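Structure at a glance
Each chain is listed here by its residues.
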Number of protein chains: 2
Amino acid sequence: MLNSKTMDTNQRQNKEKEILTAAENEFLTKGYDGARTTSIAKAAGVTHAMLHYYFRTKEQLFERIVDEKFRLMAESTLAALGDSSLPMKERIRTGVANHFDFVASNPLLPRFVINEIVSRPERYAFLHERAKTIIDTLYRGLQADIDRAAERGEMVQINAKMLFMSIMSLNIFTFIAYPFMKPLMGDLMADDERFLAERKAENIETIMKRIEI
Amino acid sequence: MLNSKTMDTNQRQNKEKEILTAAENEFLTKGYDGARTTSIAKAAGVTHAMLHYYFRTKEQLFERIVDEKFRLMAESTLAALGDSSLPMKERIRTGVANHFDFVASNPLLPRFVINEIVSRPERYAFLHERAKTIIDTLYRGLQADIDRAAERGEMVQINAKMLFMSIMSLNIFTFIAYPFMKPLMGDLMADDERFLAERKAENIETIMKRIEI
DNA sequence: TTTTGTATTAACAGAATTGTTAAACAACTT
DNA sequence: AAGTTGTTTAACAATTCTGTTAATACAAAA
């Protein structure tokens, strides 16, 4: 089964993976500047020389993480656009719900991505062209669908981008501010699972009332 | 007029102030870890030895900034609670508007505060006790006012903390995500001033429709 | 069993960054 | 003018962190 010359391939993959997992955690909580390769190595249970052996530099290790995370962020963002085969109100309701769930399962993601873009904008400038084209197309479609639904009297007329920003705001901020709000909100956030369910319902309600006639 | 032994007091204050201004900008955009004392000194037009002469350590300089920013954050947050002497709907409408304006004039503040708390939670644990007490009191009052307004049929019954989180989400996220959304939203955000006015109106509308019967 | 390529360790090198210090300097006081 | 005090500079010390290297262990293939 094993075709590597010397080391068990699974073991190697496990070590690489453990470093990646530790790196992900370190980078996502502390950012590039705050992360320490020694601390990542320690958390992964390897010497820091090994980390460099596998990933050469901190920068390269970071890039592995960042690539994956940016893709994931794009994917989760698209979830908020909803399924265009559904009736508009259902589409928006499930869009909000799915986006919330997506962010809930990657709670550190948005803050990380935003921080990266703010602290090193030049590094990500190349993404803009591509992202903008995709987004423009998607929005044109969504806006047209909204306009039609509004004409049929199913919902109010509203700017698709504005609605989209509201969905992102409500869902993402919940998790960005979580560590900050939790100690302050006491009872309300005492039971995490229950709070998240309530918050999700509240965000859906807020958006649905916004589009109600 | 000048009572300092050797240096013009105003000049000294200016130097201190210039360092503080440069430090504020550096810390708020790059965070503690990303900030460089040499880079702060350079931006302030002094040698880095001078920075240490005035503020001893990076840590102490940072604390000056952080203290002020945390206070400002608390202040701006309270704005969202609104003026309790107003009728409830007016109170909420102006609360949202004032909070938006506050954040608009300190756009880097929320991200900075949140990042600090996430990346070094132990450092700010001592704030929780105090903040929680204040918040509990304020919310009890707000919730009671909301309950009364709901009984009078002026608005829907809603959990005050949930409403508050929605206001914070909508207003703060607008500015946290600004550098991230701007290149993608093209036309909508082309004219900053106009976009902010529209976004403010949209956030108010979203909250007002949420509390409408 | 020798060979070969990979994995691992420990020690070290280099760079960047923070912080210190001694000496020069400027301004004010007496 | 001499002394005092606070400011500024330049050089340097110390630390921390990233990255390298040389030696070694190890496992499989020949």
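Residues numbered from 1 in each chain as written. Chains lettered and ligands numbered in written order. Predicted model: local features only at pLDDT ≥ 70, side-chain atom pairs only at ≥ 80, totals over all residues. Heavy atoms only, no water.

In this section: the overall build of chain A. Per the secondary structure count, chain A includes 11 helices and 0 strands. Along chain A, helices (α) and strands (β) appear in the sequence α-α-α-α-α-α-α-α-α-α-α when read from the amino end. Here chain A holds 213 residues, and the buried ones make up 48% of them. Contacts in chain A between residues far apart in sequence, at least 24 positions, make up 66% of those at least 6 positions apart. Accessible surface computed for chain A: about 10,700 Å², of which carbon and sulfur atoms make up 53%. (Helix = DSSP H or I, 4+ residues; strand = E, 2+ residues; numbered from the N terminus. Buried < 20%, exposed > 50% of the residue type's maximum accessible area, 1.4 Å probe, protein only. Contact = heavy atoms within 4.5 Å. Areas by Shrake-Rupley, 256 points an atom, 1.4 Å probe, with all protein chains shown as cover.)

Let's shift gears to the interface of chain B and chain A. Each partner contributes to the interface: chain B provides 50 residues, whereas chain A provides 50 residues. Interface area, chain B with chain A, both sides summed: about 4,900 Å², of which 71% is carbon and sulfur. By the criterion of area lost to chain A, the three top residues of chain B are M162(B), M165(B) and F173(B), representing 14% of everything that side buries. Remark: the boundary between chain B and chain A carries 4 salt bridges. Note that K161(A) and D187(B) form a salt bridge whose closest N and O atoms lie 3.1 Å from each other. Among the secondary structure elements, those contributing two or more residues to the side of chain B that touches chain A are α1 (9-34), α6 (109-119), α7 (121-151), α8 (160-176), α9 (178-185), α10 (187-190) and α11 (192-211) of chain B. Element by element, the count of residues in the side of chain B that touches chain A is highest for α8(B), at 11 residues. Of the residues belonging to the side of chain B that touches chain A, the class tally is 26 nonpolar, 10 polar and 14 charged. (Buried area = accessible area lost by both parts, 1.4 Å probe. Salt bridge = Lys/Arg side-chain N within 4 Å of Asp/Glu carboxyl O. Nonpolar A, V, L, I, M, F, W, Y, C, P; charged D, E, K, R; others polar.)

Next up on the list: the packing of aromatic side chains. Residue and element names in this part refer to chain A. Using the criterion set out here, one finds 18 aromatic pairs over all chains in the structure. Ring centres of F27 and F62 lie 4.8 Å apart, and the angle between their planes is 75°; this geometry places the pair in the edge-to-face category. Residue F27 is located in helix α1 (residues 9-34), and its partner F62 is located in helix α4 (residues 58-79); the two are separated by 35 residues in the primary sequence. Taken as a pair, F27 and F62 share a single burial class, namely buried. Consider the rings of Y178 and F195, whose centres lie 6.0 Å apart with planes at 35°: the pair is tilted. Pair noted here: Y178 is in helix α9 (residues 178-185) and F195 is in helix α11 (residues 192-211), with a separation of 17 residues, a long-range link. (Phe/Tyr/Trp six-rings, centres within 6.5 Å; stacked < 30°, edge-to-face > 60°.)

What follows is about a nonpolar patch on the surface. The grouping of L78(A), I134(A) and L138(A) at the surface amounts to a nonpolar patch, some 240 Å² of accessible area in total. Counting through the fold element by element, I134(A) comes out in helix α7 (residues 121-151). (Patch = residues over 30% accessible without salt bridge, like charges linked within 9 Å, V, L, I, M, F, W, Y side chains within 5 Å.)

This paragraph deals with the relation of the copies chain B and chain A. Between chain B and chain A, which share one sequence, the superposing operator has a rotation angle of 180° and an axial displacement of 0.0 Å; the RMSD is 0.1 Å. In short, the pair behaves as if placed about a two-fold rotation axis. Counting the interface residues of chain B, we find that 100% of their copies in chain A are interface residues as well, pointing to one common contact surface. (Least-squares fit on C-alpha atoms with pLDDT ≥ 70 in both.)

Here we come to the side chain of R210(B). Residue placement: R210(B) occurs in helix α11. Look at R210(B) and you get buried, because its relative accessible area is 9%.

This next bit is on the environment of S84(B). All names here are of chain B. Among the secondary structure elements, S84 is positioned in the loop between α4 (58-79) and α5 (88-105). A relative accessible area of 52% means that S84 is categorised as exposed. The sequence separation of S84 and L72 amounts to 12 residues, and the corresponding C-alpha distance is 21 Å. Beyond its immediate chain neighbours, meaning those up to four positions away, S84 contacts R91 and D145.

For K209(A), the position within the fold is in helix α11. The charged side chain of K209(A) is buried without a salt bridge, its nearest counter-charge being E205(A) at 4.7 Å. If sequence neighbours within four positions are ignored, K209(A) has contacts with V156(B), K209(B), R210(B) and E212(B). (Lys, Arg positive; Asp, Glu negative; His and termini not counted.)

Residues and elements named next belong to chain A. Averaged over every residue, the pLDDT of chain A is 91; the share at 70 or more is 94%. No element of chain A has a lower mean pLDDT than helix α10 (residues 187-190), which averages 83, and none a higher one than helix α5 (residues 88-105), which averages 98. With pLDDT under 50 throughout, residues 1-6 is counted as low confidence; its partners more than four residues away or in other chains account for 5 contacts. (pLDDT = per-residue confidence, 0-100.)

Residues and elements named next belong to chain A. Where α7 meets helix α8 (residues 160-176), the axes come as close as 9 Å, and the angle between the chain directions of the two elements is 105°. In terms of orientation, α7 lies roughly perpendicular with respect to α8. Contacts between α7 and α8 involve D136, Y139, L142, Q143 and I146 from the first element and A160, K161, L163 and F164 from the second. For the contact of α7 with α8, the per-class residue count stands at 6 nonpolar, 1 polar and 2 charged. (Axes fitted to C-alpha atoms, helices over the stretch in contact; angles between N-to-C directions. Parallel < 35°, antiparallel > 145°, perpendicular 65-115°, else oblique.)

A few words now on unusual backbone geometry. The residue R56(A) is not glycine, and still its phi comes out positive at about 60°. Since its relative accessible area comes to 63%, R56(A) is described here as exposed.

Turning next to the environment of M181(B). The topology assignment puts M181(B) in helix α9. Linking M181(B) and D191(B), residues 10 residues apart in sequence, is a C-alpha distance of 13 Å. Apart from residues lying up to four places away in sequence, M181(B) is in contact with M165(A), M168(A) and M189(B).

Across soluble globular proteins, you tend to see nonpolar side chains buried next to one another. Counting residues in each nonpolar core, the largest one holds 141 residues, and the members touching the most others are F27(A) and F27(B). Apart from residues no more than four positions distant in its own chain, F27(A) is found in contact with Y32(A), A35(A), I40(A), K58(A), L61(A), F62(A), I65(A) and F112(A). (Core = buried A, V, L, I, M, F, W, Y, C linked by side-chain atoms within 4.5 Å.)

Turning our attention to α8(A). An α-helical turn contains 3.6 residues, so a residue and the one three or four places further along point in the same direction. Across its 17 residues, α8(A) extends 24 Å between first and last C-alpha, which sits within 8% of the 24 Å expected from 1.5 Å per residue. Taking burial as the measure, the 17 residues of α8(A) include 17 buried ones, the bulk of the element. (Expected span 1.5 Å × (residues − 1).)

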